[in-house]
Amino acid sequence: MNHLRAVSQREAGISHWVARGPAGMNVEWDARIINEIDGRLIAWQSLEGSEVSTAGSVNFRETPRGTEVRVHLQYSPPAGRLGAAVARLLGEEPTVQIHDDLRRFKQLIETGEIPTTKGQPVGGRR
Amino acid sequence: MKAVCWEGTDNITVERVPDPAIMNPRDVIVRVSSTAICGSDLHLMDGFIPTMKAGDILGHEFMGEVVDIGRSVSNLRKGDRVIVPCAIACGHCYFCRNEMWAVCDNANPHAAISEKVYGYPAGALFGYSHMMGGYAGGQAEFVRVPYADVGPFKVPDHLSDEQVLFLTDIFPTGYMAAENCNIRPGDTIAVWGCGPVGQFAIRSAFLLGAWRVIAIDAVPERLQMAAEAGAETLDSMNDDVFDRLKTMTGGLGPDACIDAVGMEAHGAHIDYWYDKAKTALRLATDRATAVRQAIHCCRKGGIVSIPGVYGGFIDKVPMGAAFSKGLTLKLGQTHVHKYLSRLLRHIENGDIDPSFVVTHREPLEQAPRMYRTFRDKQDGCVKVVLKPH
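Keep in mind that what you see is a predicted model, and the values were worked out from it rather than measured.

Each helix and strand in chain B was counted, giving 13 helices and 18 strands. By the compact-globule yardstick of 21 Å for 389 residues, chain B fits well, its C-alpha radius of gyration being 20 Å. Burial analysis of chain B (389 residues in total) assigns 56% to the buried set. A sequence separation of at least 24 residues applies to 73% of the contacts in chain B between residues at least 6 apart.

Here you go:
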């Protein structure tokens, strides 16, 4: 997860999340797991009073083509609409983050690595 | 190391760049012994492929010796002599598992670009634009090869570089083009374009049992090379191709037509000048003379097979002719990995010696000049092999 800085366990069922926000700022919140079905579903909700108000779930479903992973996420950005607008400009909008993260998750699970060209040789006139 | 770099349209250079290094566990580094210029590299030179960046290292037809190995690669050893498929494929996704290697779902680090343009993430190629992955190519002294546990293919020492190098792209591409024609005994196959891919398509059509192959081009030495494989030939500038094909097939038309020309077709017809004007004005991206003619000429119920590269939009496609004749269209990048064992057997059996296509052998430093010679079809140029070391 490229956009997450850290996740730590606070106590059973409660975790602390630190994500990269707009303009190099960190966004932090605590979340509680509210539903869990082994191999099929994890659902969570942020604790009251968190900087970010969020709820979501990850669903796993077996299909003839493989495992379908579906993420649902609701959130209110820290600085309201302005925050989301800034975030969108910086490519840090949650829909984009989740799409990118899901692709990297699929790449890692299916191939054992995430493809990259960062740092490869390139001509000097760029 | 030295590498061939794209610095802009019509601006190919040889530069000193850093050596490549292992970046992922499934990578290897190959010391390149031979690398070729592909007809599709000319589309890059001519600025027809979007998302190139200045400094990009070119080249997707290369082979050499494994000199460094990532920790997850157990099937290769230092010193192995390998050819490397031009398509980069992870080997594990739905598409790779079903032999659609060229449309691998995972290999492209810049999948989001092609998702915007084509609706789905494109596969990845060496040295062929950022939309196609942005991987540095193999027209260089060394190259990093990702997913090396499924891509590189060991080749026997008794075969020369020139006999096996074209397993990387153009031999499988010509072969898949012919295979897509579902050739049955008695079939006549028409091939537009007698460049390297067309030459391999002609020979593959015969390998797969075609009765006749009719080759269409405007360059005499390329038609001569086609004739040497047993093809009958038509001059696209001076013959009425449609009329001649119909007459030669007793009015029936060719059973299948192969467009081995692609997006930068030249032609004698009005539609060529129409495309030329539209692409110059950026109202269209590709020139499509060959595929239009192939659709028009194909017999009823026949197959139009398209190994020629297209990148964007074409218009004036004779959809009515295609529909009324009930044609099948088959196209796309080559699933190189799928054909390697089969085609190596053909080479070892002596059914075909792919080195026939090579007309020019030069040191890597000569790449800028050889790109021009190849593009302008000067000096009888059909295929250029570059030697980096």
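Residues and elements named next belong to chain B. In spatial order, the strands read E2-E1-E4; together these three strands make up an open sheet with antiparallel pairing. Lying at the two open borders of the sheet, with one neighbouring strand each, are strand E2 (12–16) and strand E4 (56–57). Sheet topology places strand E1 (residues 2–6) next to E2; five bridges connect them, and they run antiparallel. Following the sheet pairing, Lys 2 is matched in E2 by Arg 16. The strands that helix H13 (residues 367–375) touches are E1 and E2; relative to E2, the one it contacts most, it runs at about 160°.

Moving on, we get to the interface of chain B and chain A. Opposite the 32 residues of chain B that make contact, chain A presents 20 residues. Elements supplying a minimum of two residues to the side of chain B that touches chain A: E1 and E4 of chain B. For the side of chain B that touches chain A, a count of residues per class yields 18 nonpolar, seven polar and seven charged.

Here the focus is the packing of helix H5 (residues 170–179) of chain B against helix H12 (residues 336–348) of chain B. Two numbers describe a pair of packed helices, the interaxial angle and the distance between the axes. Residue and element names in this part refer to chain B. Relative to each other, H5 and H12 sit at 95°, their axes nearing to 9 Å. Compared by their axis directions, H5 and H12 come out roughly perpendicular. Contacts between H5 and H12 involve Phe 171, Pro 172, Tyr 175 and Met 176 from the former and Val 336, Tyr 339 and Leu 343 from the latter.

This next bit is on the environment of B:Val30. Residue and element names in this part refer to chain B. With respect to the helices and strands, the residue Val 30 is situated in strand E3 (residues 28–37). For the pair Val 30 and Lys 325, spaced 295 residues apart in sequence, the C-alpha separation works out to 48 Å. Here Val 30 is in contact with Gly 64, Glu 65, Val 66, Val 67, Val 82, Val 84, Phe 142, Val 143 and Val 145, once residues within four sequence places are set aside.

Right, let's get into the confidence of the model for chain B. With 98% of its residues at a pLDDT of 70 or more, chain B has an overall mean of 95. Quick note on the complex model: pTM equals 0.91, ipTM equals 0.86.

Moving on, we come to helix H6 (residues 196–207) of chain B. Residues and elements named next belong to chain B. In this model, H6 (twelve residues) spans 17 Å end to end at C-alpha, consistent with the 16 Å of a helix rising 1.5 Å per residue. Along H6, ten of the twelve residues are buried, which leaves the element largely enclosed by surrounding structure. Buried within H6 are the following residues: Pro 196, Val 197, Gly 198, Gln 199, Phe 200, Ala 201, Ile 202, Arg 203, Ser 204 and Ala 205. Turning to H6, the residues buried within the fold contact helix H1 (39–45), H5, strand E11 (188–192), strand E12 (212–217), helix H7 (220–228) and strand E14 (256–259). Of the residues flanking the end of H6, it is Gly 209, one or two places downstream, whose phi is positive at about 100°.

Moving on to the packing of helix H8 (residues 241–248) of chain B against helix H10 (residues 289–297) of chain B. Residues and elements named next belong to chain B. Following both chains from N to C, one finds H8 and H10 inclined at 35°, their axes separated by 10 Å at the closest point. Handedness of the H8/H10 crossing: right-handed. Facing H8, whose interface residues are Val 241, Phe 242 and Leu 245, H10 presents Gln 293, His 296 and Cys 297. Looking at the contact of H8 with H10 residue by residue, the class counts come to four nonpolar, two polar and no charged.

All right, on to the sheet that holds E12(B) then. Residue and element names in this part refer to chain B. The strand order E13-E12-E11-E14-E15-E16 describes an open sheet built from six strands, whose pairing is parallel. Lying at the two open borders of the sheet, with one neighbouring strand each, are strand E13 (232–235) and strand E16 (328–331). Averaged over all adjacent pairs, the angle separating strand axes in this sheet is 20°, with direction ignored. Two strands pair when backbone bridges link them, and E11 and E12 are joined in this way by five bridges, in the parallel orientation. The partner of Val 191 across the bridge, within E12, is Ala 215. Of the strands in this sheet, E11, E12 and E13 touch H8, which is tilted by about 170° from E12.

This brings us to unusual backbone geometry. Residues and elements named next belong to chain B. Positive phi, close to 60°, is recorded for Asp 10, a residue that is not glycine. The residue Asp 10 is located in the loop between E1 and E2 in this model. On the neighbour-count criterion, Asp 10 (11 C-beta atoms within 10 Å) is exposed. Positive phi outside glycine occurs at Tyr 147, with the angle close to 50°. Following the sequence through the fold, Tyr 147 ends up in the loop between strand E9 (142–145) and strand E10 (153–154).

Let's shift gears to the environment of A:Phe105. Residue and element names in this part refer to chain A. Residue placement: Phe 105 occurs in helix H2 (residues 94–111). With 16 C-beta atoms packed within 10 Å, Phe 105 lands in the partly exposed category. Separated by ten residues in the primary sequence, Phe 105 and Thr 95 place their C-alpha atoms 15 Å from one another.

This paragraph deals with the domain arrangement of chain B. Residues and elements named next belong to chain B. With domains assigned, chain B is organised as domain 1 (2–168 + 335–387) and domain 2 (171–331). Here the C-alpha centre of domain 2 lies 25 Å away from the C-alpha centre of domain 1. The interface is formed by 21 residues belonging to domain 1 together with 18 residues belonging to domain 2. Residue assignment for the side of domain 1 that touches domain 2 shows that the elements contributing at least two residues are H1 and H12. With four residues, the single largest contributor to the side of domain 1 that touches domain 2 is H12.

What counts, and where the lines are drawn
- Residues numbered from 1 in each chain as written.
- Chains lettered and ligands numbered in written order.
- Predicted model: local features only at pLDDT ≥ 70, side-chain atom pairs only at ≥ 80, totals over all residues.
- Helix = DSSP H or I, 4+ residues; strand = E, 2+ residues; numbered from the N terminus.
- Rg over C-alpha atoms; globule rule 2.2 N^0.38 Å.
- Buried ≥ 20, exposed ≤ 12 C-beta atoms within 10 Å, placed from the backbone.
- Contact = placed C-beta atoms within 7 Å.
- Pairing = 2+ DSSP bridges.
- Axes fitted to C-alpha atoms, helices over the stretch in contact; angles between N-to-C directions.
- Nonpolar A, V, L, I, M, F, W, Y, C, P; charged D, E, K, R; others polar.
- Parallel < 35°, antiparallel > 145°, perpendicular 65-115°, else oblique.
- pLDDT = per-residue confidence, 0-100.
- Expected span 1.5 Å × (residues − 1).
- Left-handed = near helix turned anticlockwise from the far one by under 90°.
- Domains from an automatic or database assignment.

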